[in-house]
Amino acid sequence: MENNKKQVLSCIQPTGDMHIGNYFGATKNWVDLQDKYECRYGIVDYHAITMPYDVKKLRINTWEMALNLLAVGIKPENLFIQSLIPEHAELGWIFNCFASFGMVSKQTQFKDKSRSSEEKSEGFISVGLFDYPVLQAADILIYRADYVPVGKDQEQHLELSRAIANRFNNQVGKEYFVMPEALYTDTPKIRSTADPTSKMSKSSGEKHYINVFSDEAKIRKQIRSAVTDTGETPEGEMSPGVENLFLLLTACGNEQAHAALMTDYVSGSLRYSDLKQTVADTLVATLAPFRERKEELKKDKKQLKNQIKYTSSQIRLRAQETLKEVKELTGLLNVKF
Ligand code: ADP
């Protein structure tokens, strides 16, 4: 039996690089939550195939994401790869039959993503994309997660998970699934240093994001060339670019430098070159251990893969237990061959 810690579940798609927006805005929080909760973090490759994708890159990106997550401090025993636990897909199917078509049709993320899918592949939109939130409900409920660290944009999906759990419980006549709750954490929203009017994002292109595992020279260069004045900031207000640099200091935990430079800013004596120098020093110091750990882990990729396969097999035991009970409750056959 597991201890009494509350269960946390969160997932990430295996998309190439991890940038400092992803780290400070999401994965750092994942790392911190591990001290307080029983955490499971999934690299969701079943979800990644709902949009047009490159078959040659998927597996590479999946292992790369595992490497990145371990390098920033996710404990291996908390990490799994979704397709190594096929029960997610099996429960997803069962949940299709407990999810209301009307409710799934109202998911706003589908509207945005289907537009992007259409643009990428001549009008093609997969049923998987439509069904994505039902699989997500299976990801969460299969581990009976109490909390799901999500952004506001995911609240609707969580609502659907609860609706599915509710209908399931009512239909089988047992309070089997717990209702998962959102775990909101105040995480910083990092802007692009090249265009601070927009958020840092992979989809804007390489010059718009700072890779967590970049070498020192590149990070320094990107901070040195960060846009500070966009020319549209009203008199007396801090420009988004400068605000973003100050935010990076706080995100790295360098409150002392933040306070000192803010005093200079308020008195009008701040030189942006000094601010950038401090931000670059702070960022390099924060990220260096991650890059080193990644280099270390990369030396033995076979061992890394074996480790994740093993941790996935351990996490799978819990998923299998749920599925066995779900089959009992729903009247499906439960035969061990
Ligand atoms: P991207 O926009 O680069 O494709 P994703 O949409 O894959 O990033 O986001 C992965 C996670 O990182 C999400 O939890 C998201 O909220 C977080 N995230 C992405 N960009 C930022 C950012 N600029 N600042 C803070 N958090 C971010």
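The model shown is predicted, which means the values in this text are computed figures rather than measured ones.

Asks: Got a sec to walk through the overall build of the protein chain? Specific residues and values, please.
Replies: Helices and strands together make up the secondary structure of the protein chain, namely 13 helices and five strands. Over its C-alpha trace the protein chain gives a radius of gyration of 22 Å, about what one expects of a compact globule, namely 20 Å for 337 residues. Overall, the C-alpha framework of the protein chain stretches about 75 × 45 × 40 Å when taken along its three principal axes. Scored against the burial criterion, the 337 residues of the protein chain give a buried share of 47%. Looking at the protein chain alone, contacts between residues at least 24 apart form 77% of all its contacts between residues at least 6 apart. The averaged location of the 44 negative side-chain charges in the protein chain is 5 Å from the averaged location of its 44 positive side-chain charges.

Asks: I'd like a rundown of the domain arrangement of the protein chain, residues and numbers included.
Replies: Split by domain assignment, the protein chain resolves into domain 1 (7-188 + 301-330) and domain 2 (202-295). The centre of domain 1, based on its C-alpha atoms, is set 32 Å off from the matching centre of domain 2. Contacts between the two partners involve 17 residues from domain 1, matched on the other side by 15 residues from domain 2. Between domain 1 and domain 2 lies a buried interface of about 1,500 Å² when both sides are counted; carbon and sulfur atoms form 67% of it. Applying the counting rule to domain 1 against domain 2 returns one salt bridge. Two residues, E64 and K294, come together in a salt bridge whose shortest N-O distance is 2.6 Å. The interface formed by domain 1 and domain 2 holds nine residue pairs in polar contact (both at pLDDT 80 or more) in total.

Asks: Explain the pattern of salt bridges residue by residue, including any values.
Replies: Taken as a whole and assessed by the stated rule, the structure comprises 12 salt bridges. Where E87 meets R316, a salt bridge forms, and the shortest distance between an N and an O atom there is 2.9 Å. Residue E87 is located in helix α4 (residues 87-96), and its partner R316 is located in helix α13 (residues 301-330); the two are separated by 229 residues in the primary sequence. A salt bridge links D281 to R220; the nearest nitrogen and oxygen atoms lie 2.7 Å apart. With a gap of 61 residues between them, D281 in helix α12 (residues 272-298) and R220 in helix α9 (residues 216-224) connect regions that are remote in the sequence. Bridged by salt links that share partners, the residues E155, E159 and R162 form one connected network.

Criteria and cut-off values
- Residues numbered from 1 in each chain as written.
- Predicted model: local features only at pLDDT ≥ 70, side-chain atom pairs only at ≥ 80, totals over all residues.
- Heavy atoms only, no water.
- Helix = DSSP H or I, 4+ residues; strand = E, 2+ residues; numbered from the N terminus.
- Rg over C-alpha atoms; globule rule 2.2 N^0.38 Å.
- Buried < 20%, exposed > 50% of the residue type's maximum accessible area, 1.4 Å probe, protein only.
- Contact = heavy atoms within 4.5 Å.
- Lys, Arg positive; Asp, Glu negative; His and termini not counted.
- Charge placed at Lys NZ, Arg CZ, Asp CG, Glu CD.
- Domains from an automatic or database assignment.
- Buried area = accessible area lost by both parts, 1.4 Å probe.
- Salt bridge = Lys/Arg side-chain N within 4 Å of Asp/Glu carboxyl O.
- Polar contact = N/O pair within 3.5 Å; in protein donor to acceptor, adjacent residues only side chain to side chain.

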